[in-house]
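# Tertiary structure, described
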Amino acid sequence: MFDLDRWNEIWNALAKNKVRSLLTAFGVFWGIFMLIVMAGAGKGLQNGVTQGTAKFAANSAFFWSEQTGEPYKGFKRGRYWHMDSEDIQFLKDNIPEIEYITPRNFTGRWGGGSNVIRGKKNGSFNVKGDYPDYIKIDPATILNGRWINELDIRDKRKVCVIGEKVFESMFDPKENPIGEYLKISGVYYQVIGVVRAETTININGRTEESICLPFTTMLQTYNMGNTVNFMAITAKRGVPVSIVEERVKELIKKKHVIAPEDLQALNSVNIEKEFEQMNGLFLGIQILTWIVGIGTLLAGVIGVSNIMLVIIKERTKEIGVQRAIGATPRMIISQIMLESVVLTTVSGYLGLSIGVGLLELVNKVMENSPTPTNDRVFFTNPSVSLTVALSSLFVLVLAGLLAGLIPASRAMQIKPIDALREE
Amino acid sequence: MIQIRDLHKSYEMGHNSLHVLKGLHLDIEEGEFVSIMGSSGSGKSTLLNILGILDDYDRGTYYLGGKLIQGLNETKAALTRNEMIGFIFQSFNLISFKNAMENVALPLYYQKISRKKRNQIALEYLDRLGLKEWAHHLPSELSGGQKQRVAIARALISQPRIILADEPTGALDSATSLEVMEILKEINDQGKTVILVTHEHDIAAMTKKIIKLKDGVIEEVIKNGELLAFKNRVSTE
Ligand SMILES: Nc1ncnc2c1ncn2[C@@H]1O[C@H](COP(=O)(O)OP(=O)(O)OP(=O)(O)O)[C@@H](O)[C@H]1O
Ligand SMILES: [Mg+2]
């Protein structure tokens, strides 16, 4: 097998039909190349999206109110309503499956102009009101200081936690923001922490560009009464959040006199469901990749087989002569099989390397491109695993053998006597 | 060397069967120089192919060097051919993408002799046939006579005991034919059995024994001593 002569023979046979060998090789090359690039791109997309969401509590759901969609008990459709602070305790008391439940309020940056001032610096940021538990549902890294705590809530302290971007635009890089004051919509708040989001999901604006106040402080300073804009919950371990989601809707609708069949009044997102959909999507992409890739590869292999068959036909006489002067069937078969394997493996290996090379290149370019620190792209680290690469190489050798099988058996059917007979 | 008894061979073609060899007896001793003659379609090539184990037969027995040649599998047949028999064809049958030396060396490749060694041996054989300068030429760059000499070198290189040649001079002009026959005669003088098929009486007359095929059996065997008479006879015919 590793005898130089054998390789020489193979090289001779392939080099003699350069164009055809190249065309055939290209079929296999293209098949593997496509497979690798598609698999890599799919993986990249998956990496990007899952990295952006992985930290998010998977068993969480989020609720917010909209105008009612159905008339009910004397109320017209299109009524404005909102959840309130009592709802939170009410839900906690009535749904034991709830693990965390936190309200969140916000003021937008609408209205234009900047709402945050510090000395000569000013900016326009989302302001949110949060409970300590919020960070357990939508995790954030605390870069400096601390997050909102129970005392902040109880005493309605005028403190705030700022996003990374807020720090960057309101402070000098070397400055320690903790203990400093920011004037937000006319009121001074002391900075207690700086955070960076761990997810790409954003709820009313990115965490990086937000300022979080204690929920109770916000209610008071913004005159919100006991309004709750938004509510986040997580289900206890082992309980599907969908069930809790339904329960919450049912109870809230009842409490606020909303038609049970009203689908619009209380809107929600269920992360579990989103994850499932996303996973389904990725599975679909993966399956599609492999189907298309293997299809292309198969076409390449069939091409090799076909070419080999033609070559065998052309070489009938040559094979006959070889047989007449002492080549055993085994020698002929192994020769043809090896030619086939060499053709598919070499071209496939090329496709593999160039495909992987391309992915690496994309990676490099993406790493070096000057994207702002936290503008995460939904496409990260496109790559194929070693297993995929190795198994496709294995598939290649197998494919080569397979492709050689028909031509080789055809060659075996050539009797030397038939091959040598004059036309 | 060769002993054939009651040999039958027919070709099946659809529903028809063509009975070509019909109970043929033949004995050839080691070192003989034999030509097979007969009209076209009389079965000369068929017989030669059976002798060369390129084809099998239906009935009878064929002993080659004391070994019964019957129902050999392809591998055994190939090995026996490689070891015992050298072939020379009318149309040379050189491999077009190999040069003269590589063509000659090919049988040794099947014997797994190293490249260097077999090329060296091939060069020796080419030298003996006066083709040393042509060793690195492709067949397409050689004349018919040169090609046939390359083919002869290839037949000889595995040092077979028998040389089988189907109309070795069929594609050559008469001067070149004579050259080739001289070479075959030399080979025979060195002790090898040479069996050739030919249409030409001149060629046949250069051998030591002529076997005439007719209707699937041997019609006549003309031995060395009778060759002169044979020559006279054909010249008056
Ligand atoms: N493979 C085959 N299938 C069917 N018929 C065949 C086959 N080979 C040979 N024949 C027939 O057998 C007969 C003998 O053929 P063969 O080739 O032995 O003749 P030959 O004596 O060599 O003739 P020539 O002098 O023309 O070469 C012919 O009639 C030929 O048509
Ligand atoms: Mg013939």
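Anyway, here's the lowdown on the structure attached to this text. Sequence order as written defines the numbering, with residues in each chain counted from 1. As they are written, the chains are lettered A onward and the ligands numbered 1 onward, keeping that order. In keeping with the model being predicted, local features are shown solely for residues with a pLDDT of at least 70 and side-chain atom pairs are shown and tallied solely at 80 or more, while totals for entire chains, interfaces and linings include all residues. Computation of side-chain values covers all heavy atoms of the structure but excludes hydrogens and water.

## So, the layout of surface pockets
Considering only enclosed or pocket space, the largest pocket measures out at about 600 Å³ in volume. Both cavities and pockets are sets of points on a 1 Å grid over the protein atoms alone; in a cavity a 1.4 Å probe fits but cannot get out, in a pocket the set is open with protein on both sides within 12 Å along at least five of seven lines, and lining residues sit with an atom within 4 Å of a point. In terms of lining residues, the largest pocket is bounded by 25 residues, among which A:R421, B:S45, B:T46, B:N49 and B:D166 are the most central. Every element with two or more residues in the lining of the largest pocket is listed here: α13 (416-420) of chain A together with β2 (16-28), α1 (44-51) and β6 (85-88) of chain B. By residue number, the principal contributor to the lining of the largest pocket is α1(B), which donates five residues. Looking at the lining of the largest pocket residue by residue, the classes come out as ten nonpolar, ten polar and five charged. Grid points are joined across faces, edges and corners, and a volume is the space filled by probe spheres set on the points. Numbering goes from the N terminus for both helices and strands, where a helix is a DSSP run of H or I of at least four residues and a strand is a run of E of at least two. All amino acids are sorted into three groups, where Ala, Val, Leu, Ile, Met, Phe, Trp, Tyr, Cys and Pro are nonpolar, Asp, Glu, Lys and Arg are charged, and the leftover types, Gly among them, are polar.

## Things to note about the nonpolar core
The term nonpolar core refers to a set of buried residues drawn from Ala, Val, Leu, Ile, Met, Phe, Trp, Tyr and Cys, joined through side-chain atoms within 4.5 Å. Only protein chains enter the accessibility calculation, which uses a 1.4 Å probe; a residue is then buried when its area is under 20% of its type maximum, exposed when over 50%, and partly exposed in between. Ranked by internal contacts, the top residues of the largest apolar core, which has 74 residues, are B:I2, B:I4, B:L47, B:L51, B:Y62, B:L64 and B:I195. Looking at this core element by element, the count peaks at nine residues for helix α11 (residues 329-368) of chain A. When sequence neighbours within four positions are dropped, the list of residues in contact with B:I4 reads B:L24, B:H25, B:L26, B:L47, B:L51, B:T61 and B:Y62. Counting 63 residues, the second largest nonpolar core, distinct from the first, contains A:V116, A:W147, A:I252 and A:F275. Here, residues are in contact when the closest pair of their heavy atoms is within 4.5 Å.

## Re the sheet that holds strand β8 (residues 193-197) of chain B
Backbone hydrogen bonds are what pair the strands of a sheet, in a parallel or an antiparallel way. All names here are of chain B. Between any two strands, at least two bridges found by DSSP are needed for them to pair. Within the open sheet, the six strands sit side by side as β6-β7-β8-β3-β9-β10. Their pairing is mixed. On the outer flanks of this sheet lie β6 and β10 (217-222), each paired with one strand and no other. The average undirected angle you get between the axes of adjacent strands in this sheet is 20°. Summarising the sheet, strand β7 (residues 162-166) and β8 pair through five bridges and their orientation is parallel. Among the inter-strand pairings, L164 is bridged to a residue of β8, identified as I195. What counts as an axis is a line fitted to C-alpha atoms, over the stretch in contact for a helix, and the angles between N-to-C directions run from 0 to 180 degrees. Relative to β8, helix α6 (residues 174-189) is tilted by about 150°, and along the sheet it contacts β3 (33-38), β6, β7 and β8.

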